[in-house]
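# Notes for the structure review
One-letter residues, chain by chain:
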Amino acid sequence: MIKAIIIDDESLARELVTSYLETEDEIKVIGEYSNGFEGLKAINELNPDLVFLDVQMPKLTGFELLELLDKPCNIVFTTAYNEYAIKAFEHNAIDYLLKPFSIDRFISALEKAKDRIAKTNENIDQIEKIKSHNDDSNELINRVVVKSRNKIDVIAVNKIKYFEAQDDYVMIYTNEGHYLKQKTMKYFESHLSTSEFCRIHRSYLVRIDQISQLQPYEKDSWVVILKSGESLKVSRNGFKLLKKQLEI
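Notes on the structure in this doc start here. (Residues numbered from 1 in each chain as written. Predicted model: local features only at pLDDT ≥ 70, side-chain atom pairs only at ≥ 80, totals over all residues. Heavy atoms only, no water.)

A count of helices and strands for the protein gives eight helices and 15 strands. Every one of the 248 residues in the protein was classed for burial, and the buried ones make up 48%. Taking the contacts inside the protein whose residues are at least 6 apart along the sequence as the reference set, 54% of them involve residues at least 24 apart. With an accessible surface of roughly 13500 Å², the protein has 46% of that area assigned to carbon and sulfur atoms. (Helix = DSSP H or I, 4+ residues; strand = E, 2+ residues; numbered from the N terminus. Buried < 20%, exposed > 50% of the residue type's maximum accessible area, 1.4 Å probe, protein only. Contact = heavy atoms within 4.5 Å. Areas by Shrake-Rupley, 256 points an atom, 1.4 Å probe, with all protein chains shown as cover.)

Quick look at the structure:
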(Lines give C-alpha, C1' and ligand atoms only; values in the text may rest on other atoms or scores of the structure.)
Protein backbone atom coordinates (compact mmCIF):
# COMPACT_ATOMS: atom_id res chain seq x y z
CA MET A 1 0.00 0.00 0.00
CA ILE A 2 1.33 3.43 -1.00
CA LYS A 3 0.72 6.09 1.65
CA ALA A 4 0.03 9.54 0.21
CA ILE A 5 -0.66 12.99 1.59
CA ILE A 6 -1.91 16.13 -0.11
CA ILE A 7 -0.61 19.60 0.72
CA ASP A 8 -2.45 22.49 -0.91
CA ASP A 9 -3.95 25.71 0.40
CA GLU A 10 -6.94 25.36 -1.96
CA SER A 11 -9.65 23.01 -0.71
CA LEU A 12 -10.98 22.35 -4.24
CA ALA A 13 -7.53 21.28 -5.37
CA ARG A 14 -7.25 18.84 -2.47
CA GLU A 15 -10.70 17.47 -3.23
CA LEU A 16 -9.77 16.95 -6.89
CA VAL A 17 -6.68 14.90 -6.05
CA THR A 18 -8.65 12.89 -3.49
CA SER A 19 -11.40 12.14 -5.99
CA TYR A 20 -8.88 11.00 -8.62
CA LEU A 21 -7.31 8.64 -6.07
CA GLU A 22 -10.58 7.00 -5.02
CA THR A 23 -10.29 4.31 -7.69
CA GLU A 24 -6.66 3.53 -6.81
CA ASP A 25 -6.79 0.51 -4.51
CA GLU A 26 -3.05 0.48 -3.88
CA ILE A 27 -2.91 4.11 -2.71
CA LYS A 28 -4.24 5.36 0.62
CA VAL A 29 -4.54 9.07 1.44
CA ILE A 30 -3.41 9.38 5.05
CA GLY A 31 -3.71 13.15 5.35
CA GLU A 32 -4.69 16.45 3.74
CA TYR A 33 -3.13 19.76 4.79
CA SER A 34 -3.87 23.35 3.87
CA ASN A 35 -0.46 24.89 4.57
CA GLY A 36 3.23 24.11 4.42
CA PHE A 37 3.77 24.09 8.19
CA GLU A 38 1.19 21.36 8.82
CA GLY A 39 2.35 19.49 5.74
CA LEU A 40 5.97 19.51 6.86
CA LYS A 41 5.02 18.18 10.30
CA ALA A 42 2.93 15.44 8.68
CA ILE A 43 5.72 14.34 6.33
CA ASN A 44 8.23 14.10 9.18
CA GLU A 45 5.81 12.25 11.46
CA LEU A 46 3.82 10.04 9.04
CA ASN A 47 6.62 9.20 6.57
CA PRO A 48 4.39 9.05 3.46
CA ASP A 49 5.55 7.37 0.25
CA LEU A 50 4.09 10.05 -1.99
CA VAL A 51 3.29 13.75 -1.56
CA PHE A 52 1.16 15.90 -3.84
CA LEU A 53 2.63 19.30 -3.08
CA ASP A 54 1.41 22.72 -4.13
CA VAL A 55 4.30 24.99 -5.11
CA GLN A 56 2.97 28.44 -4.29
CA MET A 57 1.47 28.60 -0.81
CA PRO A 58 1.45 31.46 1.69
CA LYS A 59 3.78 31.38 4.71
CA LEU A 60 5.82 28.39 3.47
CA THR A 61 6.20 27.47 -0.23
CA GLY A 62 6.54 23.96 -1.54
CA PHE A 63 10.23 24.43 -2.31
CA GLU A 64 10.91 25.86 1.16
CA LEU A 65 9.09 22.91 2.73
CA LEU A 66 11.41 20.46 0.99
CA GLU A 67 14.41 22.30 2.37
CA LEU A 68 13.25 21.52 5.92
CA LEU A 69 12.42 17.84 5.53
CA ASP A 70 13.86 15.33 7.99
CA LYS A 71 12.94 12.33 5.84
CA PRO A 72 12.95 11.77 2.06
CA CYS A 73 9.75 11.24 0.10
CA ASN A 74 8.51 11.28 -3.48
CA ILE A 75 7.06 14.54 -4.75
CA VAL A 76 4.51 15.42 -7.42
CA PHE A 77 4.27 19.20 -7.66
CA THR A 78 0.93 20.88 -8.35
CA THR A 79 0.34 24.55 -9.09
CA ALA A 80 -1.76 26.99 -11.07
CA TYR A 81 1.35 28.86 -12.21
CA ASN A 82 3.09 27.59 -15.31
CA GLU A 83 6.24 29.58 -14.48
CA TYR A 84 7.24 26.93 -11.94
CA ALA A 85 7.21 24.03 -14.42
CA ILE A 86 10.85 24.18 -15.47
CA LYS A 87 12.00 24.72 -11.91
CA ALA A 88 10.01 21.71 -10.71
CA PHE A 89 11.60 19.40 -13.28
CA GLU A 90 15.03 20.84 -12.55
CA HIS A 91 14.38 19.81 -8.95
CA ASN A 92 13.95 16.21 -10.10
CA ALA A 93 10.28 16.04 -9.21
CA ILE A 94 8.44 12.91 -10.32
CA ASP A 95 6.04 15.11 -12.27
CA TYR A 96 4.43 18.53 -12.43
CA LEU A 97 0.66 19.02 -12.66
CA LEU A 98 -0.64 22.33 -13.93
CA LYS A 99 -4.08 23.16 -12.50
CA PRO A 100 -6.71 22.36 -13.57
CA PHE A 101 -5.43 18.95 -14.65
CA SER A 102 -7.46 16.12 -16.21
CA ILE A 103 -7.83 12.60 -14.87
CA ASP A 104 -5.69 11.30 -17.74
CA ARG A 105 -2.88 13.72 -16.94
CA PHE A 106 -3.13 12.80 -13.25
CA ILE A 107 -2.94 9.07 -13.98
CA SER A 108 0.14 9.67 -16.09
CA ALA A 109 1.83 11.37 -13.13
CA LEU A 110 0.64 8.62 -10.80
CA GLU A 111 2.18 5.89 -12.95
CA LYS A 112 5.51 7.72 -12.82
CA ALA A 113 5.17 7.94 -9.05
CA LYS A 114 4.47 4.22 -8.70
CA ASP A 115 7.53 3.43 -10.78
CA ARG A 116 9.70 5.73 -8.67
CA ILE A 117 8.38 4.29 -5.40
CA ALA A 118 9.18 0.78 -6.62
CA LYS A 119 12.79 1.94 -6.87
CA THR A 120 13.09 2.84 -3.20
CA ASN A 121 16.79 3.64 -3.34
CA GLU A 122 16.02 6.68 -5.48
CA ASN A 123 13.95 8.34 -2.73
CA ILE A 124 16.89 9.85 -0.91
CA ASP A 125 18.55 10.83 -4.19
CA GLN A 126 15.50 12.83 -5.23
CA ILE A 127 15.48 15.07 -2.16
CA GLU A 128 19.24 15.47 -2.20
CA LYS A 129 19.13 16.55 -5.85
CA ILE A 130 16.46 19.11 -5.01
CA LYS A 131 18.58 20.55 -2.21
CA SER A 132 21.70 20.48 -4.37
CA HIS A 133 19.95 22.32 -7.18
CA ASN A 134 18.79 25.01 -4.79
CA ASP A 135 22.36 25.48 -3.59
CA ASP A 136 23.92 25.53 -7.06
CA SER A 137 21.46 27.91 -8.72
CA ASN A 138 21.96 31.67 -8.64
CA GLU A 139 18.31 32.47 -8.04
CA LEU A 140 17.93 35.31 -5.57
CA ILE A 141 15.99 34.66 -2.37
CA ASN A 142 13.79 37.09 -0.45
CA ARG A 143 13.40 35.05 2.74
CA VAL A 144 15.08 32.29 4.71
CA VAL A 145 13.36 29.43 6.54
CA VAL A 146 14.98 28.08 9.70
CA LYS A 147 13.90 25.04 11.69
CA SER A 148 14.76 24.77 15.37
CA ARG A 149 13.30 21.74 17.16
CA ASN A 150 9.55 22.04 16.62
CA LYS A 151 9.64 25.71 15.62
CA ILE A 152 9.94 27.16 12.11
CA ASP A 153 10.91 30.78 11.52
CA VAL A 154 10.46 32.51 8.18
CA ILE A 155 12.88 35.44 8.02
CA ALA A 156 12.49 38.15 5.40
CA VAL A 157 15.84 39.04 3.84
CA ASN A 158 15.19 42.75 4.39
CA LYS A 159 15.06 42.07 8.15
CA ILE A 160 18.52 40.49 8.26
CA LYS A 161 21.41 42.61 9.57
CA TYR A 162 24.24 40.21 8.81
CA PHE A 163 25.35 36.60 8.49
CA GLU A 164 28.20 35.02 10.44
CA ALA A 165 29.98 31.81 9.38
CA GLN A 166 30.13 29.09 12.03
CA ASP A 167 31.76 25.94 10.64
CA ASP A 168 29.10 24.13 8.55
CA TYR A 169 26.43 26.55 9.72
CA VAL A 170 25.61 30.23 9.35
CA MET A 171 24.22 32.40 12.14
CA ILE A 172 21.62 34.87 10.91
CA TYR A 173 21.22 38.08 12.90
CA THR A 174 18.12 40.27 12.98
CA ASN A 175 16.81 42.88 15.42
CA GLU A 176 14.47 40.20 16.81
CA GLY A 177 17.15 37.59 17.48
CA HIS A 178 19.62 35.20 15.84
CA TYR A 179 19.02 31.92 14.03
CA LEU A 180 21.32 29.03 13.10
CA LYS A 181 20.99 27.65 9.56
CA GLN A 182 22.82 24.66 8.07
CA LYS A 183 24.04 26.45 4.95
CA THR A 184 27.31 27.93 3.77
CA MET A 185 28.28 31.56 3.41
CA LYS A 186 28.92 30.82 -0.26
CA TYR A 187 25.24 29.87 -0.63
CA PHE A 188 24.00 33.14 0.81
CA GLU A 189 26.59 35.18 -1.04
CA SER A 190 25.38 33.75 -4.36
CA HIS A 191 21.68 33.99 -3.51
CA LEU A 192 21.54 37.57 -2.21
CA SER A 193 21.64 40.78 -4.23
CA THR A 194 25.11 42.36 -4.36
CA SER A 195 23.41 45.74 -4.27
CA GLU A 196 22.03 44.89 -0.81
CA PHE A 197 24.68 42.66 0.78
CA CYS A 198 28.49 42.67 0.87
CA ARG A 199 30.93 39.95 1.96
CA ILE A 200 33.17 42.13 4.14
CA HIS A 201 35.10 39.23 5.68
CA ARG A 202 35.31 35.46 5.33
CA SER A 203 33.13 35.31 8.45
CA TYR A 204 30.69 38.14 7.69
CA LEU A 205 28.13 38.99 5.05
CA VAL A 206 26.45 42.28 5.95
CA ARG A 207 23.39 44.15 4.73
CA ILE A 208 24.72 47.41 3.34
CA ASP A 209 21.92 49.66 4.58
CA GLN A 210 22.64 48.47 8.14
CA ILE A 211 26.12 50.02 8.05
CA SER A 212 26.38 53.24 10.03
CA GLN A 213 30.15 53.83 9.91
CA LEU A 214 33.37 52.46 8.47
CA GLN A 215 36.23 53.02 10.91
CA PRO A 216 39.97 52.23 10.98
CA TYR A 217 40.77 49.57 13.57
CA GLU A 218 44.46 48.76 13.49
CA LYS A 219 47.15 49.26 10.86
CA ASP A 220 45.64 48.52 7.46
CA SER A 221 42.46 47.13 9.01
CA TRP A 222 38.90 48.37 9.37
CA VAL A 223 35.61 47.64 11.11
CA VAL A 224 32.05 48.48 10.19
CA ILE A 225 29.71 49.82 12.84
CA LEU A 226 26.12 48.79 12.34
CA LYS A 227 23.10 50.91 13.19
CA SER A 228 22.49 48.48 16.05
CA GLY A 229 25.91 49.35 17.49
CA GLU A 230 27.58 46.03 16.65
CA SER A 231 31.04 46.13 15.08
CA LEU A 232 32.32 43.65 12.50
CA LYS A 233 35.82 43.13 11.16
CA VAL A 234 36.53 43.97 7.53
CA SER A 235 39.18 42.07 5.56
CA ARG A 236 41.34 43.70 2.89
CA ASN A 237 39.31 42.15 0.10
CA GLY A 238 36.10 42.97 1.94
CA PHE A 239 37.23 46.58 2.24
CA LYS A 240 37.75 46.76 -1.54
CA LEU A 241 34.33 45.26 -2.21
CA LEU A 242 32.65 47.56 0.29
CA LYS A 243 34.30 50.66 -1.15
CA LYS A 244 33.13 49.62 -4.60
CA GLN A 245 29.57 48.97 -3.50
CA LEU A 246 29.40 52.17 -1.46
CA GLU A 247 31.07 54.07 -4.32
CA ILE A 248 33.65 55.70 -2.05
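Now that the structure is up, let's keep going.
This part covers the environment of Glu 10. Of note, Glu 10 is situated in the loop between β1 (2-7) and α1 (11-21). C-alpha separation for the pair Glu 10 and Ser 34, spaced 24 residues apart in sequence, amounts to 6.9 Å.

Here we come to the pairing of strand β11 (residues 197-201). The element β11 is largely enclosed, with a buried count of five among its five residues. As consecutive antiparallel partners, β11 and strand β12 (residues 204-207) are separated by two residues. (Pairing = 2+ DSSP bridges.)

To continue, consider the sheet that holds β11. Two strands in a sheet stick together by hydrogen bonds in their backbones, pointing the same way (parallel) or opposite ways (antiparallel). Strand order across the open sheet formed by five strands is β10-β9-β8-β12-β11, with antiparallel pairing between neighbours. Each edge of the open sheet carries a strand with a single partner, namely β10 (178-181) and β11. Averaged over all neighbouring strand pairs, the angle between strand axes comes to 20°, with direction disregarded. Bridge count for β11 against β12 is four bridges, and the pairing is antiparallel. Note on β12: the bridge partner recorded for Cys 198 is Val 206. (Axes fitted to C-alpha atoms, helices over the stretch in contact; angles between N-to-C directions.)

Turning our eyes to something else, we now look at the packing of α1 against helix α5 (residues 103-118). Two elements in contact, α1 and α5, have axes whose closest approach is 11 Å; the angle formed by their N-to-C orientations is 75°. Taken together, the axis directions place α1 and α5 in an arrangement best described as roughly perpendicular. Judged by residue contacts, Val 17, Tyr 20 and Leu 21 of α1 engage Ile 103, Phe 106 and Leu 110 from α5. (Parallel < 35°, antiparallel > 145°, perpendicular 65-115°, else oblique.)

In this structure the tally under the stated criterion is 18 salt bridges. The salt bridge involving Lys 147 is made with Asp 70; its shortest N-O contact spans 2.8 Å. Here Lys 147, found in strand β6 (residues 143-148), pairs with Asp 70, found in the loop between α3 (62-67) and β4 (74-79); they are 77 residues apart in sequence, far enough to count as distant. On the basis of relative accessibility, which here comes to 28%, the residue Lys 147 falls in the partly exposed class. One salt bridge connects Lys 112 with Asp 95, and the closest N-O pair in it is separated by 3.3 Å. Here Lys 112 is found in helix α5, whereas its partner Asp 95 is found in strand β5 (residues 95-98), with 17 residues between them in sequence. Of the residues examined, Lys 112 reaches a relative accessible area of 39% and is grouped as partly exposed. (Salt bridge = Lys/Arg side-chain N within 4 Å of Asp/Glu carboxyl O.)

Helix length check: α5, at 16 residues, gives a terminal C-alpha distance of 22 Å against a target of 22 Å (1.5 Å per residue), a fit within 8%. Among the residues of α5, those classed as buried are Phe 106, Ala 109, Leu 110, Ala 113, Lys 114, Arg 116 and Ile 117. End-on, the buried residues of α5 take up no more than an arc of 160°, which puts them together on one face. Of the exposed residues in α5, those oriented more than 90 degrees away from the buried face are Asp 104 and Ala 118. (Expected span 1.5 Å × (residues − 1). Arc of directions from axis to C-beta.)

The strand order across the open sheet formed by three strands is β13-β14-β15, and the pairing between neighbours is antiparallel. The sheet is open, and its two edges are formed by β13 (211-216) and β15 (231-234), each paired on a single side. Across the sheet, the mean angle from the axis of one strand to that of its neighbour is 25°, orientation sign disregarded. Pairing between β13 and strand β14 (residues 222-226): five bridges, direction antiparallel. The residue bridging Ile 211 from the neighbouring strand is Leu 226, located in β14.

Moving on, we come to unusual backbone geometry. For residues that are not glycine, phi is negative in most cases, and the peptide bond is trans in most cases. Pro 100 follows Lys 99 through a cis peptide bond whose omega is -10°. Considering the arrangement of structural elements, one finds Pro 100 in the loop between β5 and α5.

Here the focus is the side chain of Asn 35. Along the chain, Asn 35 turns up in the loop between β2 (27-33) and α2 (36-46). A residue is classified by how much of its surface remains accessible, and Asn 35, at 19% relative accessible area, is buried. In terms of polar contacts, Asn 35 uses its side chain to reach the backbone amide nitrogen of Glu 38, at 2.9 Å. Non-local contacts of Asn 35, meaning those with residues more than four positions away in its chain, are made with Ile 7 and Met 57. (Polar contact = N/O pair within 3.5 Å; in protein donor to acceptor, adjacent residues only side chain to side chain.)

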